[in-house]
Each structure stands twice: as structure tokens, then as C-alpha cells.
Amino acid sequence: MSEVEKISILGAGIMGSGIAQVASQSGYRVTMVDVEDRFLQRGFDSIMKSLSKMQTKGKITEDRVEKIRANIKGTTDFKHALEDADLVIEAVPEDLELKKQIFRDLDTTCSMHTILASNTSSLSITDLGAVTKRADKVIGMHFANPVPVMMGLEVILGADTSQDTLEVIRKVATKMGKDPHFCKDYPGFIGSRLLNAFLNEAFWELFEGIASAEDIDRHCKQQFRHPMGPLELADFIGLDTLLSICEYLHKELHERFRPCPLIKQLVAAGHYGRKAGKGVYDYS
Ligand code: CAA
């Protein structure tokens, strides 16, 4: 493929909307797809909040905010959104069966030149490629939250991802202002494997009663100079997402990733973190 011009993003959640925003800021034509209008609306609200923050800080003008917003279409019409996309980035929940179904559908709907990327934090890119007839054009693009702020991008190569696909994605990453880190397809890749071990361990410390949530977080901020403590960060990522990743890593990499029961309990209670108004901390 010569040049990526249009990017479609599946999923208007925290990650999908962040990716849509950055893609639009970088000059791509963007379509954001979700299953219901209310999810799209929430995605656009999140984009506007981020753009307003940038405008308030004097990083962009009002005119540019309008252009970036206008450049993103929102739709619930999966087929229509994909017709002329050069790159599709899937950002739906961390459920392998759901993602496989989506990749099967993408493979039959998208043009043969379209690259199919997943924003998965840990699941196998090879497994996703294997359900398509274009495993050479399937790749991982793992962004970090908040997408407009974090400069890294983890690029994951499945067993059959081609060098051509890698080069196209390297260009897209650079145009988006991201610094790509390349990684083989192995559970949890570079980042989630490290981060989940750390965050899960913080929950075990809380569960075992060795310190309060506030003291665990303050300790990591002050002693390690982390911008957020691990429990605060877990709330920011979403405890449902954290649990899905931990469960997958536990299955694939065994005992050291066994999720702390406290994460399961908070998720069972619907306390998913910041997005739900309650997680380890109360945001109401
Ligand atoms: N959009 C645009 N700009 C934003 C923003 C957003 N959504 N959020 C923050 N910013 C900007 C702010 O305007 C501010 O800009 P200036 O430097 O120009 O003042 C800057 O970012 C810092 O923000 P704040 O001053 O509001 O607050 P902060 O200093 O506490 O930073 C943070 C907020 C950037 C979120 C910081 O706490 C941080 O980096 N936290 C760690 C985040 C992290 O680890 N993310 C990775 C999670 S793992 C993941 O996403 C992948 C996975 O697989 C689950």
C-alpha cells in the first residue's frame, strides 16, 4: 500500500476515542464506529474534553479544535465505515472470542489492501491473524491512556505479519507523533506483562492489609517518581480491563499472574474505577 489516508476505529471507549482524536489531529480522515449512538456520544464528549484541555493550555486554537472534531465521523454502520478504510484499528473490550469474531467480519468486509490492527494490551495477534485470510496485514498497535499524551506505541508482530505492514505502521506511528517500540507476539507483550505484575501486587498488598490504598500510592509516587500510584492507575485503566488482562496472563504465564481476589470483588460489584465513579477510590 502506498499511503494510509483513512483510518476507521472500532470502539468509542477511552482508548478508541483517544486513538480517533490523535489520528484526526495527525491529518487522517477518521471514522469512529460503535454499536450504539450513546457510546459514540460518550466518545465524542471525551474527545472534546481533551481538546478543550489542550486549547485552555494554548496548545491548539479554537479553529483547530473544530477542524479536528469535524474530521471525525461517528457511525453505528459497521460496513459503511470500513468500505474505504486503509487501516482499521480495533479497540473493543479485551475478550479474545469477541475480537476474533470482529476480525472475521473485518476480513470479509474490508478491501484487500486494508491493514487490520488491534489495540489489545495482551491477546495474541497471531490468533487474530489466523481467523483472517490476510494474516500478513494483521498487527498490534497498543496505545497507552491518555492516548493524546503518551508518546509510546507498542507495535506487535504476529507470526505472519509482513515487513510491508510493519513499515506502513511505523510511518503511521511517526505521523501520529508516537515513538514505536516493536515486540514479538507473546502474552502481555512488553508493557502489560510488567505493568500487570506491578498493579496486581499492589492489590495483594492492600488485600493483605499491609498498608492503606493511599499509602501504597503515595509510596510509589514519592519513592519511584511514578506519576500515579498503582491503585490510582488501576482505577484509571479500568478494573474490568485489568482483570481481563490478569486472567489471560494467568492462563498463559501461570501462577505469578493470579489476579488478587480484591480486583475480582470490585469488578463483581461494578466498581470498575474512574469511568464508573468508583473503584479502589470514590470519584463521586
Ligand atoms: N488530553 C490532552 N491532554 C491531557 C490529557 C488528555 N486526556 N490528560 C492530561 N493532559 C495534559 C494536561 O493538560 C497537562 O498538560 P501540560 O503539561 O501542558 O500542563 C499534562 O497532560 C499533565 O496533565 P495534568 O497536569 O492534568 O495531570 P498530571 O500531571 O497528573 O498528568 C497523566 C496526568 C498524564 C494522566 C499522568 O498522571 C500520567 O502519566 N499517569 C500515568 C498514565 C499511565 O501510566 N498510562 C498508561 C496506562 S497502561 C495503558 O494505557 C495500556 C493498557 O494496556 C491498559
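Preceding block: the structure.
Here the structure is a predicted model, which means the values were calculated and not measured. (Residues numbered from 1 in each chain as written. Predicted model: local features only at pLDDT ≥ 70, side-chain atom pairs only at ≥ 80, totals over all residues. Heavy atoms only, no water.)

Draft legend 1. Region of the structure containing the environment of glycine 11. Tracing the backbone shows glycine 11 in the loop between strand S1 (6–10) and helix H1 (14–25). Judged by relative accessible area, which is 7%, glycine 11 ranks as buried. Linking glycine 11 and valine 92, residues 81 residues apart in sequence, is a C-alpha distance of 5.1 Å. With sequence-adjacent residues up to four places away left out, glycine 11 is seen in contact with Gly16, Ser17, Met32, Val33, Asp34 and Ala91. (Helix = DSSP H or I, 4+ residues; strand = E, 2+ residues; numbered from the N terminus. Buried < 20%, exposed > 50% of the residue type's maximum accessible area, 1.4 Å probe, protein only. Contact = heavy atoms within 4.5 Å.)

Draft legend 2. The pairing of S1, seen in detail. With 5 of its 5 residues buried, S1 lies for the most part within the structure. Because side chains alternate across S1, one face comprises the buried residues Lys6, Ser8 and Leu10, and the other comprises Ile7 and Ile9, equally buried. Here S1 runs beside strand S2 (residues 29–33); their pairing, made up of 5 bridges, is parallel. Across the sheet, residue lysine 6 finds its bridge partner in S2, namely arginine 29. For the handedness criterion, the β-α-β arrangement of S1, H1 and S2 is classed as right-handed. Pairing between S1 and strand S4 (residues 87–90): 4 bridges, direction parallel. Paired with isoleucine 7 across the bridge in S4 is leucine 87. (Pairing = 2+ DSSP bridges. Right-handed = clockwise from strand over helix to strand, strands pointing away.)

Draft legend 3. The nonpolar core, seen in detail. With 38 residues, the main nonpolar core has Ile7, Leu87, Ile89, Met141, Phe143 and Val172 as its most contacted residues. Ranked by size, the runner-up nonpolar core spans 25 residues in total, among them Leu10, Cys110, Phe189 and Leu249. (Core = buried A, V, L, I, M, F, W, Y, C linked by side-chain atoms within 4.5 Å.)

Draft legend 4. Fine view of the packing of aromatic side chains. Counted under the stated rule, the structure contains 1 aromatic pair. Here the aromatic rings of tryptophan 204 and phenylalanine 207 are separated by 5.8 Å at their centres, their planes lie at 80 degrees, and the arrangement is edge-to-face. Of this pair, tryptophan 204 and phenylalanine 207 both sit in helix H8 (residues 191–207), 3 residues apart, which is roughly one turn of the helix. A relative accessible area of 15% places tryptophan 204 in the buried class. Overall, the relative accessible area of 43% leaves phenylalanine 207 in the partly exposed class. Directly above the aromatic system of phenylalanine 44 lies the positively charged group of arginine 69, at a separation of 3.7 Å from the ring centroid. Seen from the ring of tyrosine 28, lysine 175 lies directly overhead, with NZ or CZ sitting 4.4 Å from the centre. (Phe/Tyr/Trp six-rings, centres within 6.5 Å; stacked < 30°, edge-to-face > 60°. Lys NZ or Arg CZ within 6 Å of the ring centre and 35° of its normal.)

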